[in-house]
Amino acid sequence: MSLDVSPQLLAEAEKGEVREADFVETVRTSLPYAYDLIASLVGELKTSVAGFADNQTPPPSEKERGQLLRALSSDAIRGSLERHFGVALAFQNCHRVAVFPTEARGGETYAKFTSLRSQILNQSPEFRDC
């Protein structure tokens with residue numbers, strides 16, 4: 001299971017719409033490695049001269065890698081994190097996540113990071129089973 005959903009949040013969802021702030025809080029507590037990594041990258045973005053901030057350090061364990069993969073593979077989680085932090089997320093392999101200013105989506109730097117060429121250049125044998 002990717003998220004530890006409280007009975008209160010589940011009841012809220014069963015009744016109708018869920019407040020995004022409540023959902024983001026559930027993501028933060030359920031996937032702390034992924035949330036904290038993105039939060040730290042958002043902090044780095046503020047001083048980045050490259051126009052984005054990215055992580056190139058593998059997670060400390062498979063547990064943390066799983067959190068990152070779950071956060072970025074879910075449209076709802078990924079979209080909520082993007083809206084919460086006011087960024088566009090990009091993901092290349094099992095740990096290289098990047099944050100861009102929202103307005104950079106579709107721009108040259110974002111397009112280069114998410115290109116087929118960049119994806120290929122960021123592969124190595126150790127990523128095959130991650």
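Residues numbered from 1 in each chain as written. Predicted model: local features only at pLDDT ≥ 70, side-chain atom pairs only at ≥ 80, totals over all residues. Heavy atoms only, no water.

A. Region of the structure containing the sheet that holds strand β3 (residues 97-101). As summarised here, the arrangement of the 3 strands in space is β1-β3-β2, forming an open sheet in which the pairing is antiparallel. Sheet topology places β1 (53-54) and β2 (87-91) at the edges, where each strand pairs with a single neighbour. As paired strands, β2 and β3 are joined by 5 bridges and run antiparallel to one another. Counterpart to Ala88 in the pairing with β3 is Phe100. Contacts from helix α3 (residues 32-45) reach β1, β2 and β3 within the one sheet, and its direction differs from that of β3 by about 45°. (Pairing = 2+ DSSP bridges. Helix = DSSP H or I, 4+ residues; strand = E, 2+ residues; numbered from the N terminus. Contact = heavy atoms within 4.5 Å. Axes fitted to C-alpha atoms, helices over the stretch in contact; angles between N-to-C directions.)

B. Geometry of the nonpolar core. Core analysis: the largest hydrophobic core is formed by 24 residues, its most contacted members being Ile77, Leu81, Leu89 and Val99. Taken together, the elements giving at least two residues each to this core come down to α2 (20-30), α3, α4 (62-73), α5 (75-85), β2 and β3. Ranked by the residues each element gives to this core, the list is headed by α3, at 8 residues. Those residues in contact with Leu89 that sit more than four places away from it in its chain are Ile38, Leu72, Arg78, Leu81, Glu82, Val97, Ala98, Val99, Arg105 and Tyr110. Counting 8 residues, the second-largest nonpolar core is a separate cluster that includes Phe52, Phe100, Tyr110 and Phe113. (Core = buried A, V, L, I, M, F, W, Y, C linked by side-chain atoms within 4.5 Å. Buried < 20%, exposed > 50% of the residue type's maximum accessible area, 1.4 Å probe, protein only.)

C. Quick look at the packing of aromatic side chains. A complete count under the given rule lists 5 aromatic pairs for this structure. When the ring of Phe100 is compared with that of Phe113, the centres are 5.6 Å apart and the planes differ by 70°; the resulting orientation is edge-to-face. Residue Phe100 is found in strand β3, and its partner Phe113 is found in helix α6 (residues 108-113); the two are separated by 13 residues along the sequence. Exposure class is identical for Phe100 and Phe113. Each is buried. Ring pairs connect the aromatic residues Phe52, Phe100, Tyr110 and Phe113, which therefore count as one cluster. (Phe/Tyr/Trp six-rings, centres within 6.5 Å; stacked < 30°, edge-to-face > 60°.)

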